[in-house]
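Spelled out, the chains give:
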Amino acid sequence: MRFIFIGPPGAGKGTVAKILSRRFSIPHISTGDLLRAHIQQKSELGRQAVAYVEQGKLVPDGLVIEMVRERLKETDASQGFILDGFPRTVEQAEALGKLLREEEILVEHILNFDASNAKIIERLSGRRICSKCGEIYHVRNIPPKKEGLCDRCGGELIQRKDDSEDTVRRRLEVYRKETAPLIDYYNRARLLKDLPADLEVAELNPILDQLLK
Ligand code: AP5
């Protein structure tokens, strides 16, 4: 099974990706996570990307497209994947389309996470992520069993640097300007399915079952 997830910051793409990744045993490929790992490792790509990520701007298309091309070649992606946060521009969508055609890969589901601004702000201000395994929590909606610690690996829970109020505002602007046009792009090809992303996770599960039939 192959998925592409599109949606504004904080809409819950990563949260749903982790659920489906476990359900279908396919990798969750988040370009945000990949970039943060490069930044942490201080790789050449990380060095080039850090200022963009910290300011909530998009990393240049060429760098991200190449990173995804390499990631999709890895063996764990051969039977399926969830692309979370890519594509994010029409140029990225066109590059991905070309790559998929060349490799004769069919993406079955493109989900549009439709979330309101109020939800996005509430979710991002309470988000905590595990510094070790990347599991996603929310201080009220999806709290860990022990405050500040990951249920899965015991790692310390932290706030993402780009979840500060100013940077979230910038990320939302960038989403509207550069990523929202993809909704039309995929709608024209009749490929997009809308997910009412304001709903709680438990309410989303039956809707996902329905969409994935
Ligand atoms: P990235 O990491 O992709 O961030 P994003 O798209 O802004 O999305 P988020 O990770 O913030 O949100 P999400 O939708 O995954 O929500 P989550 O599930 O965590 O990108 C970061 C940066 O990297 C970009 O700004 C850019 O610089 C760069 N970058 C990445 N990809 C790029 C690309 N393709 N091109 C160029 N640059 C790129 O949930 C949020 C919170 O809500 C959590 O606390 C969660 O517990 C809670 N929650 C989630 N769902 C629910 C629910 N249904 N009910 C209740 N609570 C929920």
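Residues numbered from 1 in each chain as written. Predicted model: local features only at pLDDT ≥ 70, side-chain atom pairs only at ≥ 80, totals over all residues. Heavy atoms only, no water.

**Student:** Would you explain the site of the ligand in this entry?
**Tutor:** Taken together, 37 residues lie near the ligand, and T15, K57, R88, R127 and R171 sit nearest. The contact in question runs from a nitrogen atom of the ligand to an N or O atom on the side chain of N141, over 3.1 Å. At 2.9 Å from an oxygen atom of the ligand is found a side-chain nitrogen or oxygen belonging to R160. About the coverage of the ligand: the protein hides 98% of its 1,000 Å² of free accessible area. Only α1 (13-24), α2 (31-41), α3 (44-55), α6 (117-126), β6 (136-138) and α9 (201-211) provide two or more residues apiece to the shell around the ligand. Among the elements that line the shell around the ligand, the one with the most residues is α2, at 4 residues. (Near = heavy atom within 4 Å. Polar contact = N/O pair within 3.5 Å; in protein donor to acceptor, adjacent residues only side chain to side chain. Areas by Shrake-Rupley, 256 points an atom, 1.4 Å probe, with all protein chains shown as cover. Helix = DSSP H or I, 4+ residues; strand = E, 2+ residues; numbered from the N terminus.)

**Student:** When you look at the pairing of strand β5 (residues 127-130) in this model, what are you seeing that I'm missing?
**Tutor:** Looking along a regular strand, one sees the side chains alternate between the two faces of the sheet. Two elements, β5 and β6, share 3 bridges in a ladder whose sense is antiparallel. When the bridges of β6 are listed, R127 appears paired with H138. Taking the residues that link successive antiparallel strands as the turn, the β5-β6 hairpin has 5 residues, and the phi of G134 there is positive, at about 85°. Pairing of β5 with strand β7 (residues 157-158), which is carried by 2 bridges, proceeds in the antiparallel orientation. Bridging from a neighbouring strand, I129 pairs with I158 of β7. (Pairing = 2+ DSSP bridges.)

**Student:** Can you help me understand α3 in this one?
**Tutor:** Because each turn of an α-helix spans 3.6 residues, side chains separated by three or four positions in sequence point in the same direction. Along α3, the residues that are buried comprise L45, G46, A49 and V53. Along α3, the residues classed as buried sweep out an arc of 80° about the axis, all on the same side. Of the surrounding secondary structure, the elements contacted by the buried residues of α3 are α2 and α4 (61-72). Phi for G56, located one or two positions after α3, is positive at around 75°. (Buried < 20%, exposed > 50% of the residue type's maximum accessible area, 1.4 Å probe, protein only. Arc of directions from axis to C-beta. Contact = heavy atoms within 4.5 Å.)

**Student:** I tried to follow unusual backbone geometry on my own but got confused; where do I start?
**Tutor:** Among all residues except glycine, the phi angle is most often negative; among peptide bonds, the trans geometry is most common. For the bond from F86 to P87, the omega torsion is 0°, close enough to zero to count as cis. Turning to its location among the elements, P87 is positioned in the loop between β3 (81-84) and α5 (90-102). Positive phi, normally seen in glycine, also occurs at S25, with a value near 50°. Positionally, S25 belongs in the loop between α1 and β2 (28-30). Even without being glycine, R190 reaches a positive phi, approximately 55°. Accessibility expressed as a relative area gives 77% for R190, which makes it exposed.

**Student:** I tried to follow the environment of S116 on my own but got confused; where do I start?
**Tutor:** Within the fold, S116 resides in the loop between β4 (109-114) and α6. Along the primary structure S116 and A197 are separated by 81 residues, whereas in three dimensions their C-alpha atoms are 8.2 Å apart. Of the polar contacts made by the side chain of S116, one reaches the side chain of D198; its length is 2.9 Å.

**Student:** Even after reading the chapter, I still don't get the pattern of salt bridges, so can you show me in this structure?
**Tutor:** In a structure, side chains of opposite charge can pair up when their charged atoms sit close to one another. Enumeration over the complete set of coordinates arrives at 19 salt bridges. The closest approach of N and O atoms between K98 and E102, which form a salt bridge, is 3.2 Å. With K98 and E102 both in helix α5 and 4 residues apart, the pair spans about one turn of that helix. A salt bridge links E165 to R169; the nearest nitrogen and oxygen atoms lie 3.3 Å apart. Remark: R169 and E165 occur in helix α7 (residues 165-179); sequence separation between them is 4 residues, near one turn of the helix. Look at R169 and you get partly exposed, because its relative accessible area is 45%. Residues joined in a network through salt bridges with shared partners are R127, R160, D162, D163 and R171. (Salt bridge = Lys/Arg side-chain N within 4 Å of Asp/Glu carboxyl O.)

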